[in-house]
Structure formats: structure tokens, C-alpha cells
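# Close look at the chain arrangement
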Amino acid sequence: KDGHSYSDYRNDIEQYFDLTGGHLEYYPASAFQTPIGTLLQTAPQETVDFILTFTNRSIEYFSKSELGNEAEEIDVIVDDSGATVKQYIGHRIWNTYRGTQVVPPLLESIHMALENWLLRIAKTWDQEIVEKWCLYLINNSRSASTTAVVVSAVLAEPSKLFNIAKILFLNKDFFFFDSARMQLDMTHAKFSYSMVHDPVGIFRDERMQTCEDKHRNHSLENQVLNYQLFATEGEGEDVAKGRQEVIWKILDEYYAKLPDKSKETDSDKTWRLCLARMDRRKMKI
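None of the values given here were measured: they were computed from a predicted structure.

### Some remarks on the overall build of the protein chain
From N to C terminus, the protein chain includes 12 helices and 2 strands. When the helices and strands of the protein chain are listed from N to C terminus, the series reads α-α-β-β-α-α-α-α-α-α-α-α-α-α. Relative to the compact-globule value of 19 Å for 285 residues, the protein chain shows a C-alpha radius of gyration of 19 Å, a close match. For the protein chain, the C-alpha atoms occupy an extent of roughly 55 × 45 × 35 Å along the three principal directions. A burial count over the protein chain gives 50% of its 285 residues as buried. Long-range contacts, defined as pairs at least 24 residues apart, comprise 69% of the intrachain contacts of the protein chain with a sequence gap of at least 6. Accessible surface, the protein chain as shown: approximately 14,300 Å² in total, 53% of it carbon and sulfur. Across the protein chain, the centroid of the 33 positively charged side chains sits 5 Å from that of the 43 negatively charged ones.

This is the structure we're talking about:
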């Protein structure tokens, strides 16, 4: 409703996302909780557009709420030309699809269904089509929560989605938020899901199963290094070398932007360390 007032405080989290309270029918959050999963299979374009519209409005509202100090608006680079779109980012936003932060279960369930679908098509559909979907999600989102889902697909299918990965690598903030996501996945997610009250068990089991996905234990930072060290069977040496050169160019541009060591802040030092961890050239082999 128009004129939603923050003064009418409620204990539910929905109020901060422009949602009415009491969506208990969507608890516990799961990819199976809403019709979104089925709709993505039967009408993907219309459903993705709905997800983006719904999420954009909700996160825009969150950014202006009492919890809005958690959300930072950043310029996200979306192609090699340096074109950008603005997205809101924060740990609560980035982890929406994993359910490891406090977010309305309805919003979590929608993102979980989106990730489930994107992971499946990334594995089975042609590379060009999957790339178009990933770019569409990034370009049309005001929320990094959907971009985080694209990162998940890249980690799951790195060989197929390098063209998307190299665009994500241009955005410094993504490395920090996805590393934090990985830590939560490794230390919190499985325990959190196991404690969920779900008499039927179908929703809890679906979430527990996602914890077994191998790519949960990797992050965007890990993937930069993996591209430099490993090549998928069947990929030629030229492909691996080409990826290395792309990544080294990106890293060198980051190095060039660092201030002189005498003027570095703690944040600069952390970023320099992060760059060194990602750079094969800095390793003693």
C-alpha cells in the first residue's frame, strides 16, 4: 500500500522490504515454496521479469528503511566497455538466495528458485543462451541479490561461464561479499537448515541438499586463481593461456589503482593481500 509507515513498528522483517507481514506459508524458505520454480520452466522470460521487478522494488524500499544503512549503492560494471548499472549491496542482500541472513522467507524462496533454475540451465543449455540470461539478470537488477545468484552459476560451471566471470571480476566489492558468503556456507548454513521446523521435511531436505553442492566451498576470489591453475579436460592450452592473460590484465589494473604503500589505509592493505592471493604470479611454485 502507498504511504507505508515505519512508525507502525512490527517484529517481523517483512516491514523493511515493503511486504505485508505474516507470510508464514512461505516458511521455511525453499526453492519449492512458491510457484516460481514451475513458472521459470514454462515461462522463463515473464517469470524472470517478475522476479526482477519484485526484487528491485523490495530492495529499493529496504535501502530507505531503518535498516537501510546496511545497503550501499554501487556502480556495477556490466561489460568490457566499462558501462555500469547501479545496484544495492550488503551482506543481508547478497546472501538472500542462501537464507543465511534474516530476510523475508518469501524473498528468499524466490531467489532460491531462481538459483535452482539457473544452475540447471547452466549445466544443460548452450553456453551462448546461458550467458545471455546471466547478463540479463545483472543488467536489469537494482539488487546485488540476483547478481549473487549469477556468481553461484559461475562457480558451478566455471568453464562454460568464463565470459560472465571476467565481467564479475571487474567489480571489487563482489570478492568481499562472496568470500563472506562462503564462510557462512561452510560454518552456518547446514546447521541452520537442520534446525528448521519442517514437519513434512521436503523444504528442509531441499535446503540441506544444496549444502552438498561442491561450489559452495568456493568463492569468486578462489575462482580467479583456479582459472590460472586449472583447465577443464578437453580445453586446449590456448584457452587456458587466454584466460590467464585476461585475468592478469584485470589484476594489473587493480594494482595500478592502489595508492603508494606509505599512504595505504587498512582497507587498501586488505585489498592488496586479496590481490596477491588471487595472482598466480605472486605464488612460489
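### Re unusual backbone geometry
The amide bond that connects Tyr27 to the next residue, Pro28, takes the cis arrangement and shows omega of -5°. Tracing the backbone through its elements, the reader meets Pro28 in the segment before α1 (36-42). Backbone geometry places Asp18, a non-glycine residue, at a positive phi of 65°.

### Some remarks on the nonpolar core
Soluble globular proteins tend to pack their nonpolar side chains together in the buried interior. The biggest cluster of nonpolar side chains holds 58 residues, and the ones touching the most others in it are Leu118, Leu168 and Phe169. Counting residues per element, this core draws most heavily on helix α4 (residues 105-124), which supplies 9 residues. For Leu118, the residues in contact, after removing those within four places along its chain, are Cys134, Leu137, Val149, Val150 and Ala153. Core analysis: the second largest hydrophobic core is formed by 12 residues, Ile13, Leu19, Ile59 and Tyr88 among them.

### Details of the packing of helix α2 (residues 44-63) against α4
Orientation of α2 relative to α4, taken along the N-to-C sense of each, is 145°, at an axis distance of 11 Å. The way α2 lies across α4 gives a crossing that is left-handed. Residue-level inspection shows Pro44, Val48, Ile51, Phe54, Thr55, Ser58 and Ile59 of α2 in contact with α4, the latter providing Leu106, Leu107, Ile110, His111, Leu114 and Trp117. By residue class, the composition of the contact of α2 with α4 is 10 nonpolar, 3 polar and no charged.

### Remarks on the packing of α4 against helix α5 (residues 127-139)
Packing of α4 against α5 leaves a shortest axis separation of 10 Å and a crossing angle of 150°. On the basis of the axis angle, α4 is roughly antiparallel to α5. In this structure, α4 crosses over α5, and the sense of that crossing is left-handed. Across the interface between the two elements, Leu114, Trp117, Leu118, Ile121 and Ala122 from α4 touch Val130, Trp133, Cys134 and Leu137 from α5. Its residues placed into classes, the contact of α4 with α5 shows 9 nonpolar, no polar and no charged.

### Description of the packing of aromatic side chains
In this structure the tally under the stated criterion is 13 aromatic pairs. Ring plane angle 20° and centroid distance 6.1 Å describe the contact between Phe169 and Phe175, whose orientation is recorded as stacked. With respect to class, Phe169 is no different from Phe175; both count as buried. Consider the rings of Phe175 and Trp271, whose centres lie 5.9 Å apart with planes at 40°: the pair is tilted. Within this pair, whereas Phe175 is found in helix α8 (residues 172-194), its partner Trp271 is found in helix α12 (residues 266-278), the two being separated by 96 residues in sequence. Its relative accessible area of 2% is what places Trp271 among the buried residues. Looking at Lys282, its charged tip hangs above the ring of Tyr255, at a distance of 5.1 Å from the centre.

### Things to note about the pairing of strand β1 (residues 72-77)
Two elements, β1 and strand β2 (residues 84-89), share 6 bridges in a ladder whose sense is antiparallel. Counterpart to Asp75 in the pairing with β2 is Lys86. Linking β1 back to β2 in an antiparallel pair, the connection comprises 6 residues, with Gly82 at a positive phi of about 95°.

Procedures and definitions
- Residues numbered from 1 in each chain as written.
- Predicted model: local features only at pLDDT ≥ 70, side-chain atom pairs only at ≥ 80, totals over all residues.
- Heavy atoms only, no water.
- Helix = DSSP H or I, 4+ residues; strand = E, 2+ residues; numbered from the N terminus.
- Rg over C-alpha atoms; globule rule 2.2 N^0.38 Å.
- Buried < 20%, exposed > 50% of the residue type's maximum accessible area, 1.4 Å probe, protein only.
- Contact = heavy atoms within 4.5 Å.
- Areas by Shrake-Rupley, 256 points an atom, 1.4 Å probe, with all protein chains shown as cover.
- Lys, Arg positive; Asp, Glu negative; His and termini not counted.
- Charge placed at Lys NZ, Arg CZ, Asp CG, Glu CD.
- Core = buried A, V, L, I, M, F, W, Y, C linked by side-chain atoms within 4.5 Å.
- Axes fitted to C-alpha atoms, helices over the stretch in contact; angles between N-to-C directions.
- Left-handed = near helix turned anticlockwise from the far one by under 90°.
- Nonpolar A, V, L, I, M, F, W, Y, C, P; charged D, E, K, R; others polar.
- Parallel < 35°, antiparallel > 145°, perpendicular 65-115°, else oblique.
- Phe/Tyr/Trp six-rings, centres within 6.5 Å; stacked < 30°, edge-to-face > 60°.
- Lys NZ or Arg CZ within 6 Å of the ring centre and 35° of its normal.
- Pairing = 2+ DSSP bridges.

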